[in-house]
Amino acid sequence: RYTLTGVEVVQTGLPRHDALLELASIEKRRDRVLLAPTWQPHMLAASRQEFAQWIDTWLGSFAQVSGQGSLRGLQPAFFVHPNMEFRLAEVGLELPCEAVFGADLPAALVRSVAVVSDVSSIADEALAVGVPVILRLDADAPVARRLTSLLEHPGVDVVAPSDEAALLDALTRAHKAGRRAPAVIPGARQRLLEMLTNTQETRKSLEVSEKGTKTQD
């Protein structure tokens, strides 16, 4: 195992988070709940009925709670993984709600009251801009190393996949709390540009120094 420090690594952040933060700053609507299940490879061989049932495990739970209390008026948006997009077309299945494809994801994300997922990396993107995350996980399911810090984040709620009462509570809390403080610091583009500029200038200085040394020799 290796330990990386500030000597080996320059922490700049991700420029795409700058774009997300800018989008979030101008989007005032919060009327969506983004459902973002992780794509399951075994679904490539699933029948049309099995595929529809898998989708319904996500949409069905939301439908049971969406009209209650402060959640009235919220609409589900279903993120379609690229592999899922291919499979939907192959089996001739249409989603019964708003479908969100890759290019539409940033706009849907910043418009959402919460992201409901399992282990999708979209949860990280949501927290980056302060959108609460609700993870549907079985209590006895193995937890990936990446999820350990995610589960400890104050913007994350965990509910059992079949616990609609817990999902209702989590969505209500998320709606009431609003956007949290972003989990990233803006300015990644500028930090990356400065780092690259400094690296180029340092390289040029070293090349000049090496040439001078060779000339003296």
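Residue indices begin from 1 for each chain and proceed along its sequence in written order. This being a predicted model, a pLDDT of at least 70 is required before a residue's local features are given, and a value of 80 or more before pairs of side-chain atoms are given or counted; all residues contribute to the totals for chains, interfaces and linings. Values reported for side chains reflect all heavy atoms of the structure, with hydrogen atoms and water molecules removed beforehand.

Enquirer: How should the sheet that holds strand E5 (residues 133-136) be read in this particular structure?
Expert: Pairing between strands is defined by DSSP: at least two bridges between the two strands are required. Secondary structure elements follow DSSP: runs of H or I no shorter than four residues count as helices, runs of E no shorter than two count as strands, and numbering proceeds from the N terminus. Spatially, the six strands line up as an open sheet ordered E3-E2-E1-E4-E5-E6, and their pairing is parallel. Looking at which strands have only one partner, the edges of the open sheet turn out to be strand E3 (98-100) and strand E6 (156-159). Strand after strand, the sheet turns through a mean of 25° between neighbouring axes, direction not considered. Of the pairings in the sheet, the one linking strand E2 (residues 75-79) to E3 comprises three bridges and is parallel in character. Looking across to E3, one finds that Phe79 is bridged to Val100. Running over the sheet, helix H2 (residues 48-65) touches strand E1 (32-36), E2, strand E4 (112-117) and E5 and is turned about 160° from E2. Whenever a helix is involved, its axis is fitted only over the stretch in contact; in every case the axis is a line through C-alpha atoms, and angles between N-to-C directions fall within 0 to 180 degrees. Residues are treated as being in contact if the distance between any of their heavy atoms lies within 4.5 Å.

Enquirer: For this particular structure, what's the right way to read the nonpolar core?
Expert: Buried together is how nonpolar side chains tend to be arranged in soluble globular proteins. One finds Phe51, Ile55, Phe78, Met84 and Leu171 to be the most contacted residues of the largest nonpolar core, which totals 32 residues. At the level of secondary structure, the elements contributing two or more residues to this core comprise E1, H2, helix H3 (82-91), E4 and helix H7 (164-177). For this core, the element with the most residues is H2, which contributes seven residues. We call a set of buried residues a nonpolar core when its members are Ala, Val, Leu, Ile, Met, Phe, Trp, Tyr or Cys and they connect through side-chain atoms within 4.5 Å of each other. Relative accessibility under 20% of the residue-type maximum defines a buried residue, over 50% an exposed one, and the middle range a partly exposed one, all with a 1.4 Å probe and only protein chains included. By size, the runner-up hydrophobic cluster in this structure holds 25 residues, among which are Val115, Ala123, Leu127 and Val131.

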